[in-house]
Amino acid sequence: MPPLALALLLNRALPWLTIDGRAVLRTLICNNGRVGSVQALCRSMGLRSRFQLNRLLRREGLPPYEELAGWVCVFYWMLRANGEANGGGALRALAGQAHMDAASCYRLVRRVTGRCWTTLRDGGTDAALTLFLRRVRPPNGGRAQLPHATATLPPVPRVEPDPAGPVPPPPSVPANQPHRLELDGAPHGIGVRGQDLAYVTRPRAAAIERLDLATGRLAGSIPLGCAPTCVAFHPHGHVAYVSLQFSDEIAIIDTTRHRRTGTLPVPGDPFPLVMSQSGRTLFVATNEDRLLSLSPTNGRIIGSLRLPATAHHLALHPAGGRIYVATRAGGSVLEVDTSRCEVLRAFALGGWPQGVVVSPEGTVLYCANEQHGLDVVQLATGKRVATVELDHPVSLALSPDHQFLYAGLVHAGKVAVIDTTRLHAPSLIDTGGRPREFGFDTRRAQVLVVNEAGWIDVLPMNRRGIFAFDRGRQQPATLRPASEHR
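This write-up is about the structure you can find in this document. It should be emphasised that the depicted structure is a prediction, and the values quoted were computed from it without experimental measurement.

Along the backbone of the protein chain there are 9 helices and 31 strands. With 486 residues in all, the protein chain has 56% of them scored as buried. For the protein chain, the exposed surface amounts to about 20,700 Å²; the carbon and sulfur share of it is 49%.

Let's shift gears to the pattern of salt bridges. All chains considered together, the criterion is met by 23 salt bridges. Of the charged contacts in the structure, one is a salt bridge between Asp430 and Lys414, with a shortest N-O distance of 3.9 Å. Within this pair, whereas Asp430 is found in strand 25 (residues 427-430), its partner Lys414 is found in strand 24 (residues 414-419), the two being separated by 16 residues in sequence. Connected via shared salt-bridge partners are Arg22, Arg26, Asp248 and Asp269.

Strand pairing in a sheet is mediated by backbone hydrogen bonds. Such pairs are either parallel or antiparallel. Ordered by their spatial adjacency, 4 strands build an open sheet running 22-23-24-25, and the pairing between neighbours is antiparallel. Because the sheet does not close on itself, it has two edges, and the strands there are strand 22 (395-398) and strand 25. Across this sheet, the average inter-strand angle for adjacent strands is 20 degrees, counted without regard to direction. The pairing of strand 22 with strand 23 (residues 404-409) spans 4 bridges and is antiparallel. Within strand 23, the residue paired with Ser395 across the bridge is Gly408.

Okay, the packing of helix 2 (residues 19-30) against helix 3 (residues 38-45) next. Contact geometry for helix 2 and helix 3: axes closest at 11 Å, N-to-C directions at 130 degrees. With respect to each other, helix 2 and helix 3 are oriented oblique. When the axes of helix 2 and helix 3 are compared, the crossing they make is right-handed. Here helix 2 contributes Asp20, Ala23, Val24, Thr27 and Leu28 to the contact with helix 3, which in turn contributes Leu41, Ser44 and Met45. Classifying every residue of the contact of helix 2 with helix 3 gives 5 nonpolar, 2 polar and 1 charged.

Across the chain, the bulk of peptide bonds are trans and the bulk of non-glycine residues have phi less than zero. Positive phi is not limited to glycine here, since His402 has a value of about 65 degrees. Among the secondary structure elements, His402 is positioned in the loop between strand 22 and strand 23. Using a relative accessible area of 38% as the deciding quantity, one classes His402 as partly exposed. Look at Ala445: it is not a glycine, yet its phi comes out positive at around 55 degrees. Locating Ala445 in the fold gives a position in the loop between strand 26 (435-441) and strand 27 (446-451).

This brings us to the pairing of strand 4 (residues 207-212). A large share of strand 4 lies buried, amounting to 5 of its 6 residues. The sheet contact formed by strand 3 (residues 197-202) and strand 4 spans 6 bridges and is antiparallel. Along strand 4, the bridge assignment pairs Thr201 with Ile208. Hairpin connection between strand 3 and strand 4: a loop of 4 residues separates the two successive antiparallel strands, and Ala206 in this loop has a positive phi of roughly 55 degrees. As judged from the 6 bridges shared by strand 4 and strand 5 (residues 217-223), these two strands associate in the antiparallel manner. The partner of Asp212 across the bridge, within strand 5, is Arg217. The antiparallel pairing of strand 4 with strand 5 creates a hairpin that spans 4 residues between the two strands, and Gly216 there sits at a positive phi of about 75 degrees.

Taken N-terminus to C-terminus, the directions of helix 3 and helix 4 (residues 50-60) make an angle of 75 degrees; their axes are 9 Å apart at the nearest point. Judged on the interaxial angle alone, helix 4 and helix 3 are roughly perpendicular. Contact with helix 3, carried on its side by Val38, Leu41, Cys42 and Met45, involves Arg50, Leu53 and Leu56 of helix 4 and no other residues of that element. Residues of the contact of helix 3 with helix 4, tallied by class, amount to 6 nonpolar, no polar and 1 charged.

What counts, and where the lines are drawn
Residues numbered from 1 in each chain as written. Predicted model: local features only at pLDDT ≥ 70, side-chain atom pairs only at ≥ 80, totals over all residues. Heavy atoms only, no water. Helix = DSSP H or I, 4+ residues; strand = E, 2+ residues; numbered from the N terminus. Buried < 20%, exposed > 50% of the residue type's maximum accessible area, 1.4 Å probe, protein only. Areas by Shrake-Rupley, 256 points an atom, 1.4 Å probe, with all protein chains shown as cover. Salt bridge = Lys/Arg side-chain N within 4 Å of Asp/Glu carboxyl O. Pairing = 2+ DSSP bridges. Axes fitted to C-alpha atoms, helices over the stretch in contact; angles between N-to-C directions. Parallel < 35°, antiparallel > 145°, perpendicular 65-115°, else oblique. Left-handed = near helix turned anticlockwise from the far one by under 90°. Contact = heavy atoms within 4.5 Å. Nonpolar A, V, L, I, M, F, W, Y, C, P; charged D, E, K, R; others polar.

Structure (C-alpha cells):
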C-alpha cells in the first residue's frame, strides 16, 4: 500500500486528478518514486508505451515522468527527515536506508527543486510543496493552491475493456507432478471458485489471470486497471471482486464471460477483501486505516471502523458474526462485530500481525506474525496459548482438511507447513522468490502457491494433507515449467 502520509500530502495538493492520474501518482508513491523504469510503470498501468504515459501526464497537468518521480522521492525524504528523532534527517543517512548513492540523491534534489537539501529541509514540507505546485497546471487553466482541507474525489466513469478472446484448450498437466506456471506481473493474490476456476492478481500487469483448474493451465488475462491485488468470489460463484489499490475502486468481474462489468468506489486504497457467507456484505480494509463493509449490489457503505493501523489481512469467523482484522503496525488483531462494525476485543500480540486464519470450529485464531512467527490465540479466553518460531511469515492459509497451516515466508523464499495438532517442527519448502498467497484445488489435491517473483507453484498433497516433497532436502521435487509436461 502507498505510505499514508505521502499519499495524503499529494492527493490533497492535486484534487483534480482523475482515477488514471491518481493511479500513476500512487504507483510512484508506493515505490517512493523508484519504480525502476518507465516501462515498468507503463506495464503496471496497462499502458502501451512511454508516449501514452506522457500524454496522460500532460492531460492531468503533471510534470513529465522523470521529474514527477524525482518530486515523489524528494517528498518521501522530506517526510522521513521531519519524522527523525532529535531533529535529524541527514540526506546521507536517508540515502543509505534506501540503498542509494548519497551524491546521486543530493544531485536529484538540486535538479528537481533548484534548492540544496539543507535549504529545502529547513524550509519545511509546505515550502517544498509550493515549489512543486509551480510545476503543475490544473486542466481547468487555474493555478494550484496549497491545500488546507481534504478534497472529495468523485468517481470517474471508465470505458470497460473488451473481454479476452477465446483461448484454445491446452493439454492438461498430470495432477501428481509438482510443476511451475510462469506468470509475470508480480502475481500476488488468488481466489478459488469450487473445483474449476481460480483468479490470480497481477499488480504490475494491471490485470488478473484466469487459471483453469480442470486442465491446470493459465487461460487468459482480464485487464482491470492499476495494481489489482486481492480477489474474493461471491458464494454463488458468478461474480468476483478485485481490489484495485491505486484507483480507489473494487472491480466487479463476471466469472461466466470473464470480463469486468463494473466497479465499487471506495475511499482510500483498498487491499484485503472478504465476502460474507451470505454474499450480502463485502468487507475491505484501506490505507486510510479503515475497515469498510459494503453492499456488493450497489456499493453503498454500510459500516466504517477506524483502525489503529493499516490492515493487510482479514478473516471471517465460521459463524459469520465476527471478522478478525490484523493491524500490522498496530501490533494487534481486532475482533469486530460484522453487523455493527464495532470492536469487541483486541488481542495485543506485539510484533507485526499479518495473515489470520480461524479454525473451522471457531475456537482458535492463528496469526502469522512477521516479527516472531505464528501466534495461536484461544478465542474463548482471548489468551495467546502458543507461539511457533518462523522466519518472518506474512501470508497464512489452512488446508481443506483443516490439519495443516501453510505460511509464506516471503523474505526467506520458503513455505512453512505446520501440523495444527502438534504445532512444532514445521516442514519447510524452498520455493525461492517471494511466496505470497495460497489457493487449494481440492479435486486434484493440489496447493497453489502464488509467487511474486513471477510464477505459481502447483504442489501435490498426499492423503495426510501435506506436500509431497523430499523431507531430507526439505524442498519439493524439481519444479519444471508446465510447458515441459506433456
